[in-house]
Amino acid sequence: MSFNYKQTDFEVDLENQEKGPETSWMCWGKTRFLILFIGLVCITCTNANMILMNFTVICMDDVISEQKTTFTNRTHWLEKSSDISLTFSAAAVGAIFGTIPAVTLIARYGIRRVLTVYGLLSAAGTILTPLAVEYGLIPVLIARFFQGVGASVLYSSIGTISESWSPITEIGTFVAFLSSAFQISNIVTMPTAGFLCESSLGWRSIYYIFGGITVVLYIVFYWYYNDAPDQHKHVGKKELRRIRDGKIITSSTIKTQLQVKYSQIFTNWEVFEITLAIIGGSASVICLNNYGPIYLNKVLGLNIRETGYSNAIPYFFAAIVKFAAGPITDKLAHITERIRLIMFAFVPQVAMAIGYLVMSFTSHVIIAQVAYTFSVVLAGLNVIGMVKCAQIVAEKHLALIMAVISMSSWVSAFILPIVIGVICPTNSHAEWSRFYLFVAIFVILTNIPFPFLARVSGRKRVAPETKF
């Protein structure tokens with residue numbers, strides 16, 4: 001009796017690599033970490049482009065002075081809270097439009113091409129913003145729309161790069177480092193913007209510098225990144241085996257990526273709980289990211305340079321905490337996955353809500369700054385838990401789940417400026433106190449189901465798993 005054994009694609013790939021000549025430089029088996037770094041700086045710059053307006057909008061007094069000589073009988077759009085909120089909403093609209101085709105584009109063309117194109121759109125919108133401001137609100141909204149489109153794929157990029165390049169034992173580290181781009185972008189942007197705004201270069205230079213750096217970084221990303229680790233010239237057989245060990249077999253074809261029914265995604269309890277928690281978390285994070293400088297400057301009365309540093313310091317601590325938390329989630333193997341998810345997703349959200357409550361009820365500047373810092377530091381931790389939970393639930397359809405999370409986030413970003421424009425028209429302390437109380441209650445309500453619905457074993461998965 002004889003048996004015909006057919007090798008798997010994975011075994012064929014490894015055998016061919018073992019037989020073939022070794023590349024002269026294999027990055028000492030650490031190519032995945034170089035990929036991680038390149039992805040981190042690209043995502044950082046794209047998000048930085050998105051949040052530049054959040055700070056520089058308080059530096060544009062020269063534009064108001066120049067243009068008021070021409071339009072003396074009406075209020076300039078930069079003096080209207082509702083119009084400034086529109087610029088934030090325009091970026092969110094762009095992000096929503098960019099998210100809609102993202103999954104299909106990633107499945108068909110890969111994250112390498114898609115992220116590069118989206119990143120260059122972000123750079124274009126950033127470089128053109130100073131010119132747009134000279135022409136009025138509508139051109140600014142268009143530039144912001146392109147920045148939003150560029151940022152729309154960031155969540156999917158974090159999930160896809162982590163799923164493709166990280167070993168299962170390092171998924172938390174990859175997610176933590178890539179998602180720390182949202183904190184690092186604030187650390188870099190706010191003090192830089194504060195310095196340049198008060199320098200002879202002026203606020204316009206900020207957009208040219210960040211836009212130009214973004215173009216250069218995405219050229220490097222397109223040149224070095226590869227969607228498949230086994231096709232990267234600097235990945236050796238040992239590193240490839242480590243990356244692939246125990247992973248689910250995936251196909252780069254759109255047919256395989258999208259064969260799961262959308263009804264299976266949107267009726268899955270885990271997806272529902274993640275999305276609901278992300279909506280609450282996104283609303284609170286957007287308040288901090290988009291309106292942090294305005295709160296510090298207009299409500300707490302800090303000057304422009306103080307606002308820049310006071311907004312950057314919390315994100316510095318947030319990045320340190322996230323860098324530490326990622327590896328910790330991977331090493332706490334003795335704790336059940338469910339407990340870890342609650343620790344790094346639910347608990348930080350509730351603690352952040354407490355920070356909002358303190359800001360709501362205090363009028364003391366120092367206490368408000370401490371509560372603000374506390375909220376910012378904890379805001380980043382929930383991403384680790386949510387993305388890890390999504391990775392467990394989604395498996396090979398992670399890009400699709402991340403797109404759902406991304407869409408939820410950007411819808412929140414679209415609605416929130418409208419709400420703030422209504423509740424905080426004059427940026428008074430009383431108005432922001434009411435608003436922060438509303439945010440705290442909203443975050444708690446959207447996160448209450450998570451500990452009860454979070455399940456990581458003994459459940460029906462979104463898609464059947466096939467492991468090596």
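In this text the structure is predicted, and so the values were computed from the model without any measurement. (Residues numbered from 1 in each chain as written. Predicted model: local features only at pLDDT ≥ 70, side-chain atom pairs only at ≥ 80, totals over all residues. Heavy atoms only, no water.)

Chemist: Help me understand the overall build of the protein chain, please; the structure alone is not making it clear to me.
Modeler: Per the secondary structure count, the protein chain includes 21 helices and zero strands. Counting all 468 residues of the protein chain, 57% fall into the buried class. Within the protein chain, contacts between residues separated by at least 24 positions form 83% of all contacts whose residues are at least 6 apart in sequence. Total accessible area on the protein chain stands at roughly 19900 Å², and carbon and sulfur atoms take up 66% of it. (Helix = DSSP H or I, 4+ residues; strand = E, 2+ residues; numbered from the N terminus. Buried < 20%, exposed > 50% of the residue type's maximum accessible area, 1.4 Å probe, protein only. Contact = heavy atoms within 4.5 Å. Areas by Shrake-Rupley, 256 points an atom, 1.4 Å probe, with all protein chains shown as cover.)

Chemist: Sorry if this is basic, but what is going on with the side chain of Ser185 here?
Modeler: For Ser185, the location among the structural elements is in helix α9 (residues 181-197). Among the polar contacts listed, one links the side chain of Ser185 to the side chain of Asn47, at a separation of 2.8 Å. At 3.0 Å, the side chain of Ser185 forms a polar contact with the backbone oxygen of Phe182. With residues near it in sequence (within four places) discarded, Ser185 still touches Thr44, Asn47, Ala48 and Ile51. (Polar contact = N/O pair within 3.5 Å; in protein donor to acceptor, adjacent residues only side chain to side chain.)

Chemist: Whenever I open this one, helix α2 (residues 31-56) confuses me. Can you help?
Modeler: Given 3.6 residues to a turn, an α-helix orients residues that are three or four positions apart in the same direction. With 26 residues, α2 extends 37 Å between its outermost C-alpha atoms, agreeing within 8% with the 38 Å of an ideal straight helix rising 1.5 Å per residue. Along its length, α2 shows its largest kink, about 40 degrees, at Met50. For α2, the tally of buried residues reaches 22 of 26 residues, placing the bulk of the element in the interior. (Expected span 1.5 Å × (residues − 1). Bend = angle between axes of the 7 residues up to and from the residue.)

Chemist: Just checking my understanding: could you explain helix α4 (residues 81-99) for this structure?
Modeler: Between its first and last C-alpha, α4 extends 27 Å over 19 residues, near the 27 Å set by a 1.5 Å rise per residue. With respect to burial, α4 is a largely interior element, 15 of its 19 residues being buried.

Chemist: Which parts of the structure should I look at to understand the environment of Thr426?
Modeler: The residue Thr426 is located in the loop between α19 (398-423) and α20 (429-447) in this model. For Thr426 and Lys80, which are 346 residues apart along the polypeptide, the C-alpha to C-alpha distance reads 9.0 Å.

Chemist: Which parts of the structure should I look at to understand the environment of Cys42?
Modeler: Relative to the assigned elements, Cys42 resides in helix α2. The class for Cys42 is buried, based on a relative accessible area of 0%. Taking the C-alpha atoms as reference points, Cys42 and Leu115, separated by 73 residues in sequence, lie 9.0 Å from one another. Setting aside residues up to four positions removed in sequence, Cys42 forms contacts with Leu217, Tyr218 and Phe221.

Chemist: What is the right way to read the pattern of salt bridges from this model?
Modeler: Any two side chains of opposite charge can pair, so long as their charged atoms come close to each other. One pass over the structure, following the stated rule, counts one salt bridge. Between Arg204 and Glu134 there is a salt bridge; the shortest N-O distance is 2.6 Å. Remark: Glu134 occurs in helix α5 (residues 102-135) and Arg204 occurs in helix α10 (residues 204-224); sequence separation between them is 70 residues. Residue class for Arg204 comes out partly exposed when judged on its relative accessible area of 22%. (Salt bridge = Lys/Arg side-chain N within 4 Å of Asp/Glu carboxyl O.)

Chemist: Which parts of the structure should I look at to understand the nonpolar core?
Modeler: Nonpolar side chains tend to gather and get buried jointly when the protein is soluble and globular. Counting residues in each nonpolar core, the largest one holds 101 residues, and the members touching the most others are Trp203, Tyr295, Tyr356, Trp432 and Phe435. The contact partners of Trp203, leaving out residues within four places of it in the chain, are Cys59, Met60, Asp62, Val63, Pro130, Val133, Leu196 and Cys197. With seven residues, the next largest nonpolar core counts Tyr155, Val271, Ile401 and Met402 among its residues. (Core = buried A, V, L, I, M, F, W, Y, C linked by side-chain atoms within 4.5 Å.)

Chemist: Where do I start with the confidence of the model for the protein chain in this structure?
Modeler: When pLDDT is low, close inspection of the predicted coordinates is not appropriate. Per-residue confidence for the protein chain gives a mean pLDDT of 77, with 77% of residues at or over 70. Within the protein chain, helix α12 (residues 254-257) has the poorest average pLDDT of any element, 44, and α10 the best, 94. Contacts of residues 1-8 to residues separated by more than four positions or lying in other chains number three contacts, the stretch itself having pLDDT below 50. Note that residues 457-468 has pLDDT below 50 and, in this model, 29 contacts with residues that lie over four places away or in other chains. (pLDDT = per-residue confidence, 0-100.)

Chemist: Would you mind going over the packing of aromatic side chains with me for this structure?
Modeler: Note on aromatic pairs: each is described by the distance of the centres and the angle between the planes. Evaluated as defined, the whole model comprises 19 aromatic pairs. Measuring from ring centre to ring centre gives 5.7 Å for Trp432 and Phe435, while their planes differ by 85 degrees; the resulting arrangement is edge-to-face. Highlighted residues: Trp432 and Phe435, both in helix α20, separated by three residues, approximately one helical turn. Trp432 gets classed as buried once you look at its relative accessible area, which sits at 1%. (Phe/Tyr/Trp six-rings, centres within 6.5 Å; stacked < 30°, edge-to-face > 60°.)

Chemist: Can you walk me through the packing of α2 against α10 in this structure?
Modeler: Each pair of packed helices gets described by two things: the angle between the helix axes and the distance between those axes. At a minimum axis distance of 10 Å, the contact between α2 and α10 shows a crossing angle of 155 degrees. Between α2 and α10, the interaxial angle falls into the category roughly antiparallel. α10 is crossed by α2, and the crossing has left-handed handedness. For the contact of α2 with α10, the residue count by class is 18 nonpolar, six polar and no charged. (Axes fitted to C-alpha atoms, helices over the stretch in contact; angles between N-to-C directions. Parallel < 35°, antiparallel > 145°, perpendicular 65-115°, else oblique. Left-handed = near helix turned anticlockwise from the far one by under 90°. Nonpolar A, V, L, I, M, F, W, Y, C, P; charged D, E, K, R; others polar.)

Chemist: Would you explain the packing of α5 against helix α7 (residues 154-165) in this entry?
Modeler: With their axes 11 Å apart at the nearest point, α5 and α7 run at an angle of 100 degrees to one another. Compared by their axis directions, α5 and α7 come out roughly perpendicular. Only Leu154, Ser156, Ser157 and Thr160 of α7 make contact with α5, whose side of the interface consists of Ile106, Ile111 and Leu115. Residue classes in the contact of α5 with α7 are distributed as four nonpolar, three polar and no charged.

Chemist: Sorry if this is basic, but what is going on with a nonpolar patch on the surface here?
Modeler: Judged by side-chain polarity, Tyr309, Ile313, Phe316, Phe317 and Ile320 come together as a nonpolar surface patch covering roughly 480 Å² of accessible area. Turning to its location among the elements, Phe316 is positioned in helix α15 (residues 304-331). (Patch = residues over 30% accessible without salt bridge, like charges linked within 9 Å, V, L, I, M, F, W, Y side chains within 5 Å.)

Chemist: Before we go on, may I ask you to explain the environment of Phe221 in this structure?
Modeler: For Phe221, the position within the fold is in helix α10. With a relative accessible area of 1%, Phe221 lands in the buried category. It is 9.5 Å that separates the C-alpha atoms of Phe221 and Val41, two residues lying 180 residues apart in sequence. When residues no more than four places from it in sequence are discounted, the contact partners of Phe221 are Ile38, Cys42, Ile111, Arg112, Leu115 and Thr116.

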